[in-house]
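# Survey of secondary and tertiary structure
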Amino acid sequence: MLVASENLTFGFLGETLLENVNFTLSEGDRVGLIGGNGEGKTTLLRLLLGLMQPMGGTMELTDARGTVHTLGTRTRRYFSYVPQGNTLLAGSIAQNLRLVDPKASDEQIIAALEGACAWDFVSQMPGTIHARLGEGGLGLSEGQAQRIAIARALMRKAPAMILDEITSALDMETEHQIQQELKDMKGVTKVIIAHRISAVRHADEIIILQDGKIAERGTHETLLTDCPVYREIYESQFRKEEA
């Protein structure tokens, strides 16, 4: 699967939110997307999911058969999406995961929980995967609920994943474990949207959005060397984590 945008432009009520954005997502890529609030990250996410259509330029997906599709509602099935915040429903953990695969076995559910670094605490709960949750994951911490949501996305087995601030509620050790699990998922394209550089530092490419444009792009190492803005953000966040 390949996703490519060319001169992508989008605006709303006379305000340009994205302007001449060009990027390519190849099979298995891990791409980090960072930027402050209002820089265009959420707009780009919505365009990838086909929730909105660009005003200018193109955004296309080439499937495994070589067929080219304009991104829209029909291409949404190629993506699994883990949103920022709690999206769990009242019911058991297994029921939450079977929302995306009603026929999933208990073994498949446990494998997804292991991939999301969630089985360690789920296995200790009364009933394990059949443990009941309240609306919004009541009974779990914010970080635990986020790991269940990641497991649910893994159940979908889509060729691409969009992960929106998924590690913001996690401690550094769990964040590192999840990053390693994502790295080990061969053939799945990952778009990781984050404020924290630690969440994207191991990406194949990091894209910095500013004022709706791609300001810089590169690996963590090249951006630390060549991009003063990136280096300043990294050093500021590193000092906070050390404090």
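Residues numbered from 1 in each chain as written. Predicted model: local features only at pLDDT ≥ 70, side-chain atom pairs only at ≥ 80, totals over all residues. Heavy atoms only, no water.

## What about the overall build of the protein?
When its secondary structure is counted, the protein shows eight helices and 12 strands. The principal-axis extents of the C-alpha atoms in the protein amount to approximately 50 × 50 × 35 Å. Taking all 243 residues of the protein together, the buried fraction comes to 46%. Expressed as a percentage of contacts within the protein between residues at least 6 apart in sequence, the contacts between residues at least 24 apart total 65%. For the protein, the separation between the mean place of its 24 positive charges and that of its 32 negative charges on side chains is 6 Å. (Helix = DSSP H or I, 4+ residues; strand = E, 2+ residues; numbered from the N terminus. Buried < 20%, exposed > 50% of the residue type's maximum accessible area, 1.4 Å probe, protein only. Contact = heavy atoms within 4.5 Å. Lys, Arg positive; Asp, Glu negative; His and termini not counted. Charge placed at Lys NZ, Arg CZ, Asp CG, Glu CD.)

## With respect to the environment of Gly136
With respect to the helices and strands, Gly136 occurs in the loop between strand S8 (132-133) and helix H5 (142-156). Here Gly136 falls in the partly exposed class, since its relative accessible area comes to 28%. Spatially, the C-alpha atom of Gly136 lies 4.8 Å from that of Leu88, the residues being 48 residues apart in sequence.

## Looking at the sheet that holds strand S11 (residues 205-210)
Strands sit in the order S6-S9-S10-S3-S11-S12 across an open sheet of six strands; the sheet is mixed. Both outer strands of the open sheet, strand S6 (79-82) and strand S12 (213-218), are each paired with one neighbouring strand and no more. Shown here is a sheet whose adjacent strand axes are inclined to one another by a mean of 20°, direction ignored. (Pairing = 2+ DSSP bridges. Axes fitted to C-alpha atoms, helices over the stretch in contact; angles between N-to-C directions.)

## Concerning the pattern of salt bridges
Going through the model one piece at a time under the given rule, you end up with four salt bridges. Among the ionic pairs, Lys213 bridges to Glu19, the shortest N-O distance being 3.7 Å. Pair noted here: Lys213 is in strand S12 and Glu19 is in strand S2 (residues 15-25), with a separation of 194 residues, a long-range link. Residue class for Lys213 comes out partly exposed when judged on its relative accessible area of 40%. (Salt bridge = Lys/Arg side-chain N within 4 Å of Asp/Glu carboxyl O.)

## Focus: empty space enclosed by the protein
Under the criterion given, the structure shown has three cavities of 30 Å³ or more. By volume, the largest cavity is sized at about 80 Å³. Going through the elements one at a time, helix H6 (172-184) and strand S10 (189-194) are the ones with two or more residues in the lining of the largest cavity. Ranked by residue count, the leading element in the lining of the largest cavity is S10, at three residues. A class-by-class count of the residues in the lining of the largest cavity yields six nonpolar, three polar and two charged. One number sums up the size of the second largest cavity: a volume of about 60 Å³. (1 Å grid on protein atoms, 1.4 Å probe; cavity = no way out; pocket = protein on both sides within 12 Å on 5 of 7 lines; lining within 4 Å. Points joined across faces, edges and corners; volume = space filled by probe spheres on them. Nonpolar A, V, L, I, M, F, W, Y, C, P; charged D, E, K, R; others polar.)

## Describing the sheet that holds S2
Strand order in this open sheet of four strands is S2-S1-S4-S5, and the pairing throughout is antiparallel. The open sheet has two edge strands with one neighbour each: S2 and strand S5 (68-70). For this sheet, the mean inter-axis angle between neighbouring strands, taken without regard to orientation, is 25°. Two strands pair when backbone bridges link them, and strand S1 (residues 2-12) and strand S4 (residues 56-62) are joined in this way by six bridges, in the antiparallel orientation. Residue pairing in the sheet places Ser5 in a bridge with Met59 of S4. The strands that helix H1 (residues 41-48) touches are S1, S2 and S4; relative to S2, the one it contacts most, it runs at about 60°.

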